[in-house]
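# Commentary on secondary and tertiary structure
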Amino acid sequence: MQSLRAAITAVGHYLPEDRLTNADFEKMVDTNDEWIRTRTGIRERRILKDPTKATSFMAANAAKELLAKRKLDPKEIELVIVATVTPDMFFPATACLVAAEIGATNAWAYDISAACSGFLFALSTGARFIESGKHKKVLVIGADKMSSIVDYTDRTTCVLFGDGAACVLLEPDTQGYGLMDSEEHSDGSQWNSLCMLGGGSLNPPSAVTIEKKWHFLHQEGQPVFKAAVKGMADVAAAIVERNQLTGDDIRYLVPHQANLRIIDATARRMGVGMDKVMLNIERYGNTTAATIPLCLADWEAELRKGDNLILAAFGGGFTWGAAWIRWAYDGTGA
Ligand SMILES: CC(C)(COP(=O)(O)OP(=O)(O)OC[C@H]1O[C@@H](n2cnc3c(N)ncnc32)[C@H](O)[C@@H]1OP(=O)(O)O)[C@@H](O)C(=O)NCCC(=O)NCCS
């Protein structure tokens, strides 16, 4: 018997129906389809247009899909972690709203804020509760309604982001599957390259913060790009080298979907071809905490027990990390 590990045993997702295409952006700001595709790899993104619905709505729908697929009683869930930078409100935590909505009345629930690395940080945190033996069913969700904090007059950021949610169920495994290794980092010294200045205790909402547009995401593209290329490639390579994995051992690289060029650099550094990279940035853009589990949802049907996946992300904070997962089941049925 191998040591107790946290295995992903089910996946769920939710994407809003409305699409914002590059052609739509051509009518909104001074941009064009060619620039967006060649600089980012994005063609369209999903947008949650209903103003009465927020991140918890998408997260709960993703969780409901997972529960239905596994025919699970929500009362069996012991912990719900939601990674997000667009919570429904400051408090209570979006995870509490999700747990109530899905009927996970026996679970405790909290949010994790780590921007685009949020899902990886939440996965690592959730895994500890399985590995320690404290819990047997942990729901880890990545969800963001980025359209709520994007300035649709700023061409340098608005084309990048979309809305979505996806989740995984973690359960104990002693057969050698699950989260094998992970590495997480953060460095707050460049916090102002990617941030939302207003609304917190530093700059509480006021007429001034609205006028200065501090309620919108702010990004300095070039410094973030440079740090992301290095951070994501370094940490993914570290996991691979530490575990003596080669490109041949890896079934898929599952990268955070921020920019095709960052993903390409990470894949090259790891020695895996683009045929082994999960890519859906073209269809969804950057959905922040949702990108990695959305990839798992899109590729779930073709994954097989024993497949080695390397997850890697970089985001605001800065935060970055990678994880090696040995997939625990075949296709869509656990
Ligand atoms: C945002 C990003 C795509 C911009 O690409 P880039 O190649 O760095 O482009 P630059 O910022 O150097 O801008 C180049 C030019 O394109 C222009 N431009 C920016 N956005 C544009 C758009 N949507 N359409 C057309 N032109 C645009 C700029 O104004 C600039 O024009 P100038 O040379 O006249 O000043 C890129 O920096 C990036 O992906 N950064 C990291 C994003 C990321 O990973 N974020 C999340 C981390 S999780």
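Located above this text is the structure these notes cover.
Worth saying up front: this structure is predicted, and the values here are computed from it rather than measured.

### What about the overall build of the protein chain?
Along the backbone of the protein chain there are 11 helices and 13 strands. Here the C-alpha atoms of the protein chain give a radius of gyration of 19 Å, agreeing with the 20 Å that 2.2 N^0.38 yields for 334 residues. Dimensions along the principal axes, computed over C-alpha positions, put the protein chain at roughly 60 × 45 × 35 Å. The 334 residues of the protein chain split such that 56% are buried. Taking the average place of the 35 positive charges on the side chains of the protein chain and the average place of its 41 negative ones, the gap between the two points comes to 1 Å.

### Some points on the site of the ligand
Near the ligand you find 24 residues, and of these Thr31, Arg39, Gln219, Gln222 and Asn259 are the closest. At a separation of 2.5 Å, an oxygen atom of the ligand approaches a polar side-chain atom of glutamine 222. Isolated, the ligand exposes 950 Å² of accessible area, and the fraction of that covered by the protein chains is 75%. Those elements giving two or more residues to the shell around the ligand turn out to be helix H2 (33-40), helix H6 (155-158), helix H8 (221-242), helix H9 (260-270) and strand E12 (308-315). Broken down by element, the residue count for the shell around the ligand peaks at four residues, all from H8. Residue composition of the shell around the ligand, grouped by class: 10 nonpolar, 10 polar and four charged. Residues lining the shell around the ligand come from more than one domain, with at least three contributed by each of domain 1 (5-176) and domain 2 (180-326).

### Some words on the side chain of threonine 291
The topology assignment puts threonine 291 in helix H11 (residues 291-299). One polar contact links threonine 291 to histidine 256, side chain to side chain, over a distance of 2.7 Å. Sequence-distant contacts of threonine 291, defined by excluding residues within four places in its chain, comprise His256, Gln257, Gly285 and Asn286.

### Looking at H11
Among the nine residues that make up H11, eight are buried, leaving the element largely enclosed by the rest of the structure. Among all positions of H11, only Thr291, Ile292, Pro293, Leu294, Cys295, Leu296, Ala297 and Trp299 are buried.

### Here we look at the sheet that holds strand E7 (residues 163-173)
The strands making up a sheet associate through backbone hydrogen bonding, with each pair oriented either parallel or antiparallel. Spatially, five strands are ordered E1-E7-E6-E4-E5 in an open sheet, and the strand pairing comes out mixed. At either margin of the open sheet sits one strand with a lone partner, and together these are strand E1 (5-14) and strand E5 (108-112). In this sheet, adjacent strand axes meet at a mean angle of 20° when their direction is disregarded. Where E1 and E7 come together, nine bridges link them in antiparallel fashion. Note that in E7 the partner of arginine 5 across the bridge is aspartate 173. Contacts from helix H3 (residues 55-70) reach E1, strand E6 (138-145) and E7 within the one sheet, and its direction differs from that of E1 by about 115°. The strands touched by helix H4 (residues 94-102) are strand E4 (79-83), E5 and E6; relative to E5, the strand with the most contacts, the crossing angle is about 140°.

### Comments concerning the pairing of E12
For E12, the buried fraction is high: eight of the eight residues fall into the buried class. Of the two faces of E12, the one holding Asn308, Ile310, Ala312 and Phe314 and the one holding Leu309, Leu311, Ala313 and Gly315 are both buried throughout. With four bridges joining them, strand E11 (residues 252-255) and E12 adopt parallel strand pairing. Bridging across to E12, valine 254 finds its partner in leucine 311. Bridge count between E12 and strand E13 (residues 319-326): eight bridges; the pairing is antiparallel. Bridge pairing in E13 places alanine 312 opposite alanine 322. Linking E12 to E13, which pair antiparallel, is a turn of three residues; within it glycine 317 sits at a positive phi near 140°.

Basis of the calculations
Residues numbered from 1 in each chain as written. Predicted model: local features only at pLDDT ≥ 70, side-chain atom pairs only at ≥ 80, totals over all residues. Heavy atoms only, no water. Helix = DSSP H or I, 4+ residues; strand = E, 2+ residues; numbered from the N terminus. Rg over C-alpha atoms; globule rule 2.2 N^0.38 Å. Buried < 20%, exposed > 50% of the residue type's maximum accessible area, 1.4 Å probe, protein only. Lys, Arg positive; Asp, Glu negative; His and termini not counted. Charge placed at Lys NZ, Arg CZ, Asp CG, Glu CD. Near = heavy atom within 4 Å. Polar contact = N/O pair within 3.5 Å; in protein donor to acceptor, adjacent residues only side chain to side chain. Areas by Shrake-Rupley, 256 points an atom, 1.4 Å probe, with all protein chains shown as cover. Nonpolar A, V, L, I, M, F, W, Y, C, P; charged D, E, K, R; others polar. Domains from an automatic or database assignment. Contact = heavy atoms within 4.5 Å. Pairing = 2+ DSSP bridges. Axes fitted to C-alpha atoms, helices over the stretch in contact; angles between N-to-C directions.

By themselves, these observations are geometric and do not establish any function.
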